[in-house]
Amino acid sequence: MPALTTTSDGFLLHGEPFRIISGAMHYFRIHPGQWADRLRKARLMGLNTVETYVPWNLHQPGPDGPLVLDGILDLPRYLSLARAEGLHVLLRPGPFICGEWDGGGLPSWLTTDPDIRLRSSDPRFTDAVDRYLDLLLPPLLPHMAAAGGPVIAVQVENEYGAYGDDTTYLKHLHQSLRSRGIEELLFTCEQTDPEHLAAGSLPGTLVTGTFGSKVDQNLTRLRAHQPEGPLMCAEFWIGWFDHWGEPHHVRDAADAAADLDRLLSAGASVNIYMFHGGTNFGFTNGANHDHAYAPIVTSYDYDAPLTESGDPGPKYHAFREVIARHAPVPDEPAPAPGRKLAPTVVELDRQAPLLPHAARQAERPVRTESPLTLDELGLRSGYALYRTTVPAAGDGVLHFAGGVGDRAQVFLDGAPVGVLERERHDETLPVRVPRAGATLDVLVENMGGVNYGPRIGAPKGLLGAVTFDGTALHGWDCLPLPLNDLGGLTFEAGTAAGPAFHHGTFEVTEPADTFLSLPGWTKGQAWINGFHLGRYWNRGPQRTLYVPAPVLRPGSNDLVLLELHATTSPRAHLTDTPDLGPEQR
């Protein structure tokens, strides 16, 4: 019998009345050296439970395994720390997680199959899911409540009613979990649109809702669909995420707290999304694609109660007061903001140009007649450099059939001649070719896989033939640049023109959180001591990158930037204040 059961209007935990007061906190968006700190702060706000997705694409980077469960992906350790803090866990293993995460958590080796029907009873999809669960669930079973662990409930799929209505698929997932030893309560979650609720529900499985306002209306819809059982908002949206080029989204703390109070006053259970958002480190951010492609920024701060750097914000204190009206809150002081590194200037005085040395950085250079997509090159994320020659000189138009996925910088004999972007639907570029046989370089960046809707798995890279004034260009060198190992770079003093890696060092006496600020820099990636902080772009809104204290070390520290365009300053700044950009309320 599962530890968590339902009654006509609530939950029982080990037979005693229980209300879930949970907060979302994704272990894979938090440095593992900070998991214990964030879990303690969840308990101190009054939460009795935390919730996390599980990103299939990181845990199983290849179709034949192995399963990755170390470092930032050490889910068993995270669950052990939650239990030690006295917190229960809601586990949401997908297979689809959305979450503004690259590809919605579906692995690219699966989504690039042009014939597969994702999130359906297509055996090609369900067989892959089953192989994944065969790897994932055995190490997690000791952490289920049935074995004395913290996991009290497991989600089946994720907002499936907004995507499809394949009940056979949902039943397969349900049975896949049960047959592999999951005894705990299973639930689905849906936006409370009646059609979504109907399409995404399973008989005998608890249905929960997702919403951020209009509490009474949404609970009424949920009750109309499910006449008996607990009312629960499995994603109570108290902030929002940001796209590049938009303002930073915030929500008034008093407004969010008032809706939380309405939820709890109605007797409902809740999972606050997000309690602590964290960071899309490296290349892990997702993207939306409705009318235009819109990638997510590096920060996943979400205007959450606990900020990206783990400090209590206005919502933390407002929510703590609300929770205290409805449930016990620890008789301990609210946590104080964490210590920050003193402001520091970093001189980046050595460079390594990218284009001349791309072949050394590339994995498996490929020679083809026509350019391959990143997927065909086996590249999950990062960049690819495409190189060929243009046979004729003079003015003309480069045409990129199908456009680019997602952003391309174009060079002739090493000189920049333009940029193409998927979000602008760019396909043509007027150029002047300086000589017959000039080298054409196209550096393409994957800005993040679509995480919601029918375009999951959309290809990246050059998406068709490239022509110059109608003549197809052939004989391409395709150079995948995953940038997962910068050890081969050779830095030299001087000034590099065009895309280049820039290196500098700085001293730290005692590590503490800090924020990397890059005034005068344009667009690129940042690493400290080999840890990939993520993407920066002066398009904003985000103006600083969070640097977790455990990334730093006493003594000398290394900063590497890949600047794709140019900088007006050879310096970077480490500051004690984050800047996520101008706000939109």
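On to unusual backbone geometry, then. Between Tyr273 and the following residue, Met274, the backbone shows a cis peptide bond with an omega angle of -5°. Along the chain, Met274 turns up in strand 12 (residues 269-276). Omega for the bond connecting Gly405 with Asp406 falls within 30 degrees of zero, at 15°, which places this linkage in the cis form. Here Asp406 is to be found in the loop between strand 19 (404-405) and strand 20 (407-412). For Cys98, which is not a glycine, the phi torsion comes out positive at approximately 55°. Within the fold, Cys98 resides in the loop between strand 6 (88-92) and helix 4 (108-111). What makes Cys98 buried here is its relative accessible area of 9%. Positive phi, close to 45°, is recorded for Glu159, a residue that is not glycine. On the secondary structure map, Glu159 appears in the loop between strand 7 (151-155) and helix 6 (167-179). You can call Glu159 buried: its relative accessible area is 8%.

Now for the nonpolar core. One finds Tyr78, Phe125, Leu260, Leu263, Ile272 and Phe319 to be the most contacted residues of the largest nonpolar core, which totals 95 residues. If one sorts the elements of this core by residue count, helix 5 (residues 123-140) sits on top with eight residues. Sequence-distant contacts of Leu263, that is, excluding residues within four places in its chain, are made with Arg19, Phe211, Val215, Leu219, Cys233, Phe236, Ala268 and Val270. Membership of the second largest hydrophobic core comes to 26 residues, among which are Val410, Leu412, Leu420 and Val444.

Running from N to C, helix 5 and helix 6 point in directions that differ by 20°, and their axes come no closer than 11 Å. In terms of orientation, helix 5 and helix 6 fall into the roughly parallel class. Read as a crossing pair, helix 5 and helix 6 show a hand that is right-handed. The segment helix 5 lies against helix 6, with Phe125, Thr126, Val129, Asp130, Leu133 and Leu137 engaging Tyr169, His172, Leu173, Ser176 and Leu177.

Sheets are built from strands paired through backbone hydrogen bonds, the pairs being either parallel or antiparallel. On the basis of which strands lie adjacent, the open sheet formed by three strands has the order 1-2-3 and antiparallel pairing. Of all the strands in the sheet, just strand 1 (4-6) and strand 3 (16-18) have a single pairing partner and so form its edges. Each neighbouring strand pair of the sheet contributes to a mean axis angle of 45°, computed without reference to strand direction.

So, about the packing of helix 1 (residues 35-45) against helix 3 (residues 75-84). Closest axis-to-axis distance for the helix 1/helix 3 pair is 10 Å, and the angle between their directions is 40°. Between helix 1 and helix 3 the crossing geometry is right-handed. Contact residues: Trp35, Ala36 and Leu39 in helix 1; Arg77, Tyr78, Leu81 and Ala82 in helix 3. Among the residues making up the contact of helix 1 with helix 3, the classes are represented as six nonpolar, no polar and one charged.

Okay, the pattern of salt bridges next. All chains considered together, the criterion is met by 35 salt bridges. One salt bridge in this structure joins Asp37 and Arg38, with 2.7 Å as the shortest N-O distance. Using a relative accessible area of 24% as the deciding quantity, one classes Asp37 as partly exposed. Here Glu157 makes a salt bridge to Arg119, at a shortest N to O gap of 2.8 Å. Taken together, the residues Glu157 in the loop between strand 7 and helix 6 and Arg119 in the loop between helix 4 and helix 5 connect sequence positions 38 residues apart. Neither residue differs from the other here; Glu157 and Arg119 are each classed as buried. Three or more residues are tied together by salt bridges with common partners; here these are Arg407, Glu421, Glu423, Arg424, Asp426 and Arg539.

Right, let's get into the pairing of strand 30 (residues 500-508). For strand 30, a buried count of seven out of nine residues is recorded, marking the element as mostly surrounded by other parts of the structure. Bridge analysis of strand 15 (residues 344-353) against strand 30 gives five bridges, and the strand direction is antiparallel. The residue of strand 30 that forms the bridge with Gln351 is His502.

Tallied over the full model, the rule gives zero disulfides. In this model Cys189 remains outside any disulfide bridge; the closest cysteine sulfur is found in Cys233, 9.1 Å from its own.

So, on to the packing of aromatic side chains. Tallied over the entire structure, the rule returns 24 aromatic pairs. Measuring from ring centre to ring centre gives 5.1 Å for Tyr27 and Phe28, while their planes differ by 90°; the resulting arrangement is edge-to-face. Here Tyr27 matches Phe28 in class, with each residue buried. Relative to Trp527, the ring of Phe501 lies with its centre 6.4 Å away and its plane at 45°, an arrangement referred to as tilted. Highlighted residues: Phe501 in strand 30 and Trp527 in strand 32 (residues 523-528), separated in sequence by 26 residues. Taken as a pair, Phe501 and Trp527 share a single burial class, namely buried. Members of the aromatic cluster, connected to one another through ring pairs, are Tyr53, Trp237, Trp240, Phe241, Tyr273, Tyr300 and Tyr302.

Moving on, we come to the sheet that holds strand 5 (residues 49-53). Spatially, the eight strands close up into a barrel ordered 4-5-6-7-8-9-10-12, and their pairing is parallel. Along the sheet, successive strands turn relative to each other by an average axial angle of 30°, direction set aside. Strand direction decides the pairing type here: strand 5 and strand 6, joined by five bridges, are parallel. Residue pairing for strand 6: Tyr53 is matched across the bridge by Arg92.

An α-helical turn contains 3.6 residues, so any two residues separated by three or four positions project in the same direction. Val215, Asn218, Leu219 and Leu222 are the residues of helix 8 (residues 215-225) that are buried. Taken down its axis, helix 8 places every buried residue within 100° of arc, on the same side. Exposed and facing more than 90 degrees away from the buried side of helix 8 are Asp216, Thr220 and Ala224. The inward-facing, buried residues of helix 8 contact helix 7 (194-200), strand 9 (206-211), strand 10 (232-237) and helix 9 (253-265).

The next subject is helix 1. Within helix 1, burial applies to Trp35, Arg38, Leu39, Lys41, Ala42, Leu44 and Met45. Among the structural elements, strand 4 (21-25), strand 5, helix 3, strand 12, helix 10 (314-324) and strand 34 (544-547) are those in contact with the buried residues of helix 1.

Glancing now at the environment of Tyr302. In this structure, Tyr302 sits in the loop between strand 14 (293-295) and helix 10. The spatial distance from the C-alpha of Tyr302 to the C-alpha of Asp37 is 19 Å, given a sequence separation of 265 residues. When near neighbours in sequence (up to four residues on either side) are disregarded, Tyr302 contacts Glu100, Trp237, Ile238, Gly239, Trp240, Phe241, Tyr273 and Met274.

Rules used throughout
Counting of residues starts from 1 at the beginning of each chain's written sequence and follows it residue by residue. Whole-chain, interface and lining totals are the exception, using all residues; otherwise, since this is a predicted model, local features are given only for residues with pLDDT of at least 70 and side-chain atom pairs are given and counted only at 80 or more. Side-chain numbers come from the whole structure's heavy atoms, not from hydrogens or water. Every helix listed is a DSSP run of H or I at least four residues long, and every strand listed is a run of E at least two residues long, numbered separately from the N terminus. Note on exposure labels: buried denotes an accessible area under 20% of the residue type's maximum, exposed denotes more than 50%, and partly exposed covers the range between, all computed with a 1.4 Å probe on protein chains only. As used here, the term nonpolar core means buried Ala, Val, Leu, Ile, Met, Phe, Trp, Tyr and Cys residues forming a set that is joined through side-chain atoms within 4.5 Å. It only takes one pair of heavy atoms within 4.5 Å for two residues to be counted as in contact. Only the contacting stretch of a helix is used when fitting its axis, a line to C-alpha atoms as for every element, and angles between N-to-C directions run 0 to 180 degrees. Any angle that falls under 35 degrees is termed roughly parallel, while one over 145 is termed roughly antiparallel, one within 65 to 115 roughly perpendicular, and all others oblique. For a crossing to be left-handed, the near helix must be turned anticlockwise from the far one by less than a right angle; the clockwise case is right-handed. A pair of strands is treated as paired once DSSP finds two or more bridges between them. Classification convention: Asp, Glu, Lys, Arg as charged; Ala, Val, Leu, Ile, Met, Phe, Trp, Tyr, Cys, Pro as nonpolar; all other residues, Gly among them, as polar. For salt bridges, the criterion is a side-chain nitrogen of Lys or Arg within 4 Å of an Asp or Glu carboxyl oxygen. Here, two cysteine sulfur atoms that lie within 2.5 Å of each other are counted as a disulfide. We call Phe, Tyr and Trp rings a pair once their centres come within 6.5 Å, taking the six-membered ring for Trp, and we label the pair stacked below 30 degrees between planes, edge-to-face above 60, and tilted otherwise. Read the arc as the range of directions from the helix axis to the C-beta atoms.

Purely spatial values, then, with no claim about function.
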